[in-house]
Amino acid sequence: MSTQRAAGTAGPAPADPVSPAPRTPPAYPAYPAPAALVGRDQDIREVLRLLAEPEVWGAQLHGGPGIGKSRLARAVAAAVPGETLTVDLRAYRGGAADGPEGCHPAVRAVAELGCEPGRLELLVLDGPDHLSPTELRQVLDAARGRADRCLVALRHPADVPGLRPYRVSALP
């Protein structure tokens, strides 16, 4: 069973309003262990199979709002051996490129995760729909050195090399 952590809440307000500190999400114990996810066993197996393919760095779960992408991502993370981390990128909605690096706060948050490079078995990036394609690629570039595999939950598939799309459909 995996060890899961969650990140994605902004820290306290910076002391110096002129040069704010980067908004790095603190790592917390993860979501509670998911209860049985009824009707998604085949989806879990298929996503795990995609993540195991050597030429694939990760997968992207895509589908309509409320269909269960985030829940499925957490269930997949729970089935992965080793440490996993979930970053809720929705916490960085409305962010604009800023700082000396000129990057979106979501990019900086992933780049500054409090983990050693390569320590994570799986990094789950949830809700990057508000990011531009360029910002999403920057987030993924920052994530590449942090985790062996990546799972992204978003509404529309993104054209990103190394991430296989997986459509999450409504349950019958």
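Our subject is the structure that appears above.
This part covers the side chain of Asp 88. One can find Asp 88 in strand β4 (residues 82–88). With relative accessibility at 19%, the residue Asp 88 sits in the buried group.

With that settled, consider the pattern of salt bridges. Taken as a whole, this structure holds seven salt bridges when the rule is applied. A salt bridge links Arg 49 to Glu 46; its shortest N-O distance comes to 2.4 Å. In this pair, Arg 49 and Glu 46 are both assigned in helix α1 (residues 41–52), three residues apart and thus about one turn of the helix distant. A salt bridge links Glu 53 to Arg 49; the nearest nitrogen and oxygen atoms lie 2.6 Å apart. With relative accessibility at 40%, the residue Arg 49 sits in the partly exposed group. What emerges from the salt-bridge pattern is a single network uniting Glu 46, Arg 49, Glu 53, Glu 55 and Arg 164.

Further remarks concern the pairing of β4. If a strand is regular, its side chains alternate between the two faces of the sheet. With six of seven residues buried, β4 is to be regarded as a mostly interior element. Strand direction decides the pairing type here: β4 and strand β5 (residues 120–126), joined by five bridges, are parallel. Along β5, the bridge assignment pairs Val 87 with Leu 125.

Moving on: the environment of Leu 48. Inspection of the secondary structure assignment puts Leu 48 in helix α1. Separated by eleven residues in sequence, Leu 48 and Ala 59 place their C-alpha atoms 9.2 Å apart. Beyond its immediate sequence surroundings of up to four residues, Leu 48 is in contact with Val 76, Ala 79 and Val 80.

Moving on, we get to the nonpolar core. Side chains that are nonpolar tend, in soluble globular proteins, to be buried together. In terms of nonpolar packing, the biggest core is built from 26 residues, with Leu 89, Val 110, Leu 123, Leu 125, Val 139 and Leu 140 touching the most fellow members. Those elements giving two or more residues to this core turn out to be β4, α3 (105–111), β5, α4 (133–144) and β6 (147–154). With five residues, α4 is the single largest residue contributor to this core. When near neighbours in sequence (up to four residues on either side) are disregarded, Leu 125 contacts Val 87, Leu 89, Val 110, Val 139, Leu 140, Ala 143, Cys 150, Leu 151, Val 152 and Ala 153. Counting residues in hydrophobic clusters, the runner-up holds 18 residues, among them Ala 77, Leu 151, Tyr 166 and Val 168.

Each α-helix winds once per 3.6 residues, and so residues spaced three or four apart point in a common direction. Of all eleven residues making up helix α2 (residues 69–79), eight are buried, and the element is well covered by its neighbours. For α2, the full list of buried residues reads Lys 69, Ser 70, Leu 72, Ala 73, Ala 75, Val 76, Ala 77 and Ala 78.

If you check α1, its first and last C-alpha atoms are 17 Å apart, about what twelve residues at 1.5 Å a residue would give, namely 16 Å. The set of residues buried in α1 consists of Asp 43, Ile 44, Val 47, Leu 50 and Leu 51. Each buried residue of α1 lies within a common arc of 125 degrees when the element is viewed along its axis, so the set occupies one face. Relative to its buried face, α1 has exposed residues pointing more than 90 degrees away, namely Arg 45 and Ala 52. Taken together, the buried residues of α1 touch β3 (58–62), α2, β5, β6 and β7 (163–167).

Glancing now at the packing of aromatic side chains. Applying the stated criterion across every chain yields a total of zero aromatic pairs. The ring centre of Trp 57 lies 4.3 Å from the NZ or CZ of Arg 144, which sits over that ring.

Cut-off values and rules
- Residues numbered from 1 in each chain as written.
- Predicted model: local features only at pLDDT ≥ 70, side-chain atom pairs only at ≥ 80, totals over all residues.
- Heavy atoms only, no water.
- Helix = DSSP H or I, 4+ residues; strand = E, 2+ residues; numbered from the N terminus.
- Buried < 20%, exposed > 50% of the residue type's maximum accessible area, 1.4 Å probe, protein only.
- Salt bridge = Lys/Arg side-chain N within 4 Å of Asp/Glu carboxyl O.
- Pairing = 2+ DSSP bridges.
- Contact = heavy atoms within 4.5 Å.
- Core = buried A, V, L, I, M, F, W, Y, C linked by side-chain atoms within 4.5 Å.
- Expected span 1.5 Å × (residues − 1).
- Arc of directions from axis to C-beta.
- Phe/Tyr/Trp six-rings, centres within 6.5 Å; stacked < 30°, edge-to-face > 60°.
- Lys NZ or Arg CZ within 6 Å of the ring centre and 35° of its normal.

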